[in-house]
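Residue strings, one per chain:
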Amino acid sequence: MRACSPTRNEFQRVMALPLALLSAAFLLLLSATDNFSFAHESQANPTQAASQSITLAAEDSWPPFANQFGQGISHRLIAAAFKQSQVEVNSLVVPYSRALMMAEKGAVDGVFNVTREASTEQRFVFGNTPLFVAQASFYQRKQRPLLAANKWEIPKGSIVGVIKSYEYGDEFPELVKQRQLNVVTVANQQQLINLLMIGRIDAAVMFDLVAQENLQKMGVSDDVIPAFNNHSSEIYLAFSKENPKAAQFAKELDQGLTQLKANGQYQQLLSPK
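As the structure is a computational prediction, the values presented were derived from the model and not from experiment.

Engineer: Help me understand the packing of aromatic side chains in this model?
Structural biologist: Under the counting rule described, the total for this entry stands at nine aromatic pairs. One aromatic cluster in this structure is built from Trp-62, Phe-65, Phe-132 and Phe-207. One residue, Arg-116, lies across the ring of Tyr-236, its end atom 5.4 Å from the ring centre. The ring of Tyr-266 carries the charged tip of Lys-261 above its face, separated from the ring centre by 5.0 Å.

Now the structure itself:
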């Protein structure tokens, strides 16, 4: 008879079985509740779920707008404007000519600090609102001034320095042709200033805020001075035509800049820091 009777250990295993089943059922119910809660939270926060990112090529030598450290006015403006639409900005800091090429080929979604003119409108997608307006002037060495009152009076055959791939306004090609200017192209502002200082060029075209910063850093603010205006540029973030979302990004940037101006942040971000 003892052989047919359940032992104490067997009795405990039999009693433990319903408890294990109940425990598993409880855990399953808890997991389902958590999943429902997560789904409900996702539906309640659609903007968070819809957040996206954009990759931009940023020039490395145009302070105070964009420098080699990925800092400057343009960086702050673009990041703050896109933040209004929950778009995260990733920047690749490269020379300007390479930045243009990367955007044109679709390697990045857009490129910083492009002047909107006939030549660039053929290559990129633009929004309606510029980041800012920048003034550019002809600069001369103080001890060797240009004998002209404006750019259209520059002596024929003068040697003028510019930066590779920069835009200098729709009038510049006609100016070069009419005044028979010899244009020397270099990579950055420091090279332009050095060429002026040693007399290798008669003038250099530089954007005023950029020129001021570089002249101060090089300690030659008293030696190289502005002669007269070249043009005013509306500076944009240009988007790649290879990106199907280019028009959407341009619209979101426009909306962001409008909001920044409305809430007073725009002027704060535009100030050099």
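What follows picks up the thread again.
Engineer: Any chance you could explain the side chain of Thr-129 here in plain terms?
Structural biologist: One can find Thr-129 in the loop between strand S4 (124-125) and strand S5 (132-141). Residue classification places Thr-129 among the buried positions, given a relative accessible area of 18%. Ignoring any residue separated from it by four or fewer positions in sequence, one finds Thr-129 in contact with Tyr-236, Asp-254, Leu-257 and Lys-261.

Engineer: When you look at the pattern of salt bridges in this model, what are you seeing that I'm missing?
Structural biologist: Once the charged atoms of two side chains with opposite charge are near each other, the side chains can pair. By the definition in use, this model includes five salt bridges. In this structure, the salt-bridge partner of Glu-121 is Arg-116, at a minimum N-O distance of 2.8 Å. Its relative accessible area of 40% is what places Glu-121 among the partly exposed residues.

Engineer: For this particular structure, what's the right way to read the side chain of Ser-61?
Structural biologist: With respect to the helices, strands and loops of the structure, Ser-61 is situated in the loop between strand S1 (52-59) and helix H3 (73-83). At 3.4 Å, the side chain of Ser-61 and the side chain of Asp-60 are in polar contact. Excluding residues that lie within four positions of it along the chain, Ser-61 makes contacts with Ala-66, Tyr-166, Asn-188 and Gln-189.

Engineer: What's the story with the pairing of strand S8 (residues 203-207) in this structure? I'm lost.
Structural biologist: Across a regular strand the side chains alternate sides, sitting on one face of the sheet and then on the other. Counted residue by residue, S8 has five buried out of five residues, so it is predominantly covered. Alternating positions in S8 separate into two faces, Ala-203, Val-205 and Phe-207 on one and Ala-204 and Met-206 on the other, with burial throughout.

Procedures and definitions
Residues numbered from 1 in each chain as written. Predicted model: local features only at pLDDT ≥ 70, side-chain atom pairs only at ≥ 80, totals over all residues. Heavy atoms only, no water. Phe/Tyr/Trp six-rings, centres within 6.5 Å; stacked < 30°, edge-to-face > 60°. Lys NZ or Arg CZ within 6 Å of the ring centre and 35° of its normal. Helix = DSSP H or I, 4+ residues; strand = E, 2+ residues; numbered from the N terminus. Buried < 20%, exposed > 50% of the residue type's maximum accessible area, 1.4 Å probe, protein only. Contact = heavy atoms within 4.5 Å. Salt bridge = Lys/Arg side-chain N within 4 Å of Asp/Glu carboxyl O. Polar contact = N/O pair within 3.5 Å; in protein donor to acceptor, adjacent residues only side chain to side chain.

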